[in-house]
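A structural walkthrough
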Amino acid sequence: MVDAFMRDMFADMWDDFTECEYRLIEDVDVFLESAEVLGLAEFIPVDDDALRDPFASERGLEKGGMMWSLTKAGQTRYHAARFPTHPCTLKAKEATDGE
């Protein structure tokens, strides 16, 4: 149930989370826990790239802190939802259709 919901709504919910606008997310902790359990997101140390983001301070990112980030699987799912006809998305879909 959670996986089907996350598959259908993940990109919209991730956008809400990263923009701190919880329109679709009733419980942020449940969303993040589900994303982590499904291998879509992970809690990692803040890196230099994140600190270069112009909104890093607004997002509460600081050196030595932790942040949520998409895993490779999360990036794939996010991009598939946002760019369904992109050649990379179509290639990834072809590779997983037999599974």
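A brief structural summary. Just so we're clear, the structure is a prediction, and the values are computed from it rather than from any experiment.

We now examine the layout of surface pockets. The space that makes up the second largest pocket amounts to roughly 350 Å³. For the second largest pocket, the lining is made up of 14 residues, of which Phe17, Thr18, Arg59, Met67 and Trp68 are closest to its centre. No other element matches strand β2 (residues 66–70), which puts 5 residues into the lining of the second largest pocket. Among the residues forming the lining of the second largest pocket, the class breakdown is 11 nonpolar, 2 polar and 1 charged.

One finds Phe10, Trp14, Phe17, Phe31 and Tyr78 to be the most contacted residues of the largest nonpolar core, which totals 13 residues. At 5 residues, helix α1 (residues 2–18) tops the list of elements feeding residues into this core. In this structure, Trp14 is in contact with Phe31, Ala41, Trp68, Ser69, Leu70 and Tyr78, ignoring residues within four places of it in sequence. Membership of the second largest hydrophobic core comes to 6 residues, among which are Ile44, Val46, Ala50 and Ala56.

So, about the packing of aromatic side chains. Throughout the structure, instances matching the rule amount to 6 aromatic pairs. Taking the centre distance of 6.4 Å and the plane angle of 50 degrees together, the rings of Trp14 and Phe31 count as tilted. With a gap of 17 residues between them, Trp14 in helix α1 and Phe31 in helix α2 (residues 28–37) connect regions that are remote in the sequence. For the pair shown, Trp14 and Phe31 are each scored as buried. In textbook terms, an aromatic cluster arises when at least three aromatic residues are bridged by ring pairs, as seen for Phe10, Trp14, Phe17 and Phe31.

Looking now at the pattern of salt bridges. Taken as a whole and judged by the stated rule, the model has 7 salt bridges. We note a salt bridge from Asp48 to Lys63, for which the minimum N-O separation is 3.9 Å. With Asp48 in helix α3 (residues 48–52) and Lys63 in the loop between α3 and β2, the pair connects residues that are 15 residues apart, well separated along the chain. Overall, the relative accessible area of 68% leaves Lys63 in the exposed class.

A surface patch of like charges, here negative, comprises Glu26, Asp27, Asp29, Glu33, Glu36 and Glu42. If you tally residues by element for the negative patch, the top one is α2, at 3 residues. Along the chain, Glu36 falls in helix α2. Look at Glu36 and you get partly exposed, because its relative accessible area is 42%.

What counts and what doesn't
- Residues numbered from 1 in each chain as written.
- Predicted model: local features only at pLDDT ≥ 70, side-chain atom pairs only at ≥ 80, totals over all residues.
- Heavy atoms only, no water.
- 1 Å grid on protein atoms, 1.4 Å probe; cavity = no way out; pocket = protein on both sides within 12 Å on 5 of 7 lines; lining within 4 Å.
- Points joined across faces, edges and corners; volume = space filled by probe spheres on them.
- Helix = DSSP H or I, 4+ residues; strand = E, 2+ residues; numbered from the N terminus.
- Nonpolar A, V, L, I, M, F, W, Y, C, P; charged D, E, K, R; others polar.
- Core = buried A, V, L, I, M, F, W, Y, C linked by side-chain atoms within 4.5 Å.
- Buried < 20%, exposed > 50% of the residue type's maximum accessible area, 1.4 Å probe, protein only.
- Contact = heavy atoms within 4.5 Å.
- Phe/Tyr/Trp six-rings, centres within 6.5 Å; stacked < 30°, edge-to-face > 60°.
- Salt bridge = Lys/Arg side-chain N within 4 Å of Asp/Glu carboxyl O.
- Patch = residues over 30% accessible without salt bridge, like charges linked within 9 Å, V, L, I, M, F, W, Y side chains within 5 Å.
- Areas by Shrake-Rupley, 256 points an atom, 1.4 Å probe, with all protein chains shown as cover.
- Lys, Arg positive; Asp, Glu negative; His and termini not counted.
- Charge placed at Lys NZ, Arg CZ, Asp CG, Glu CD.

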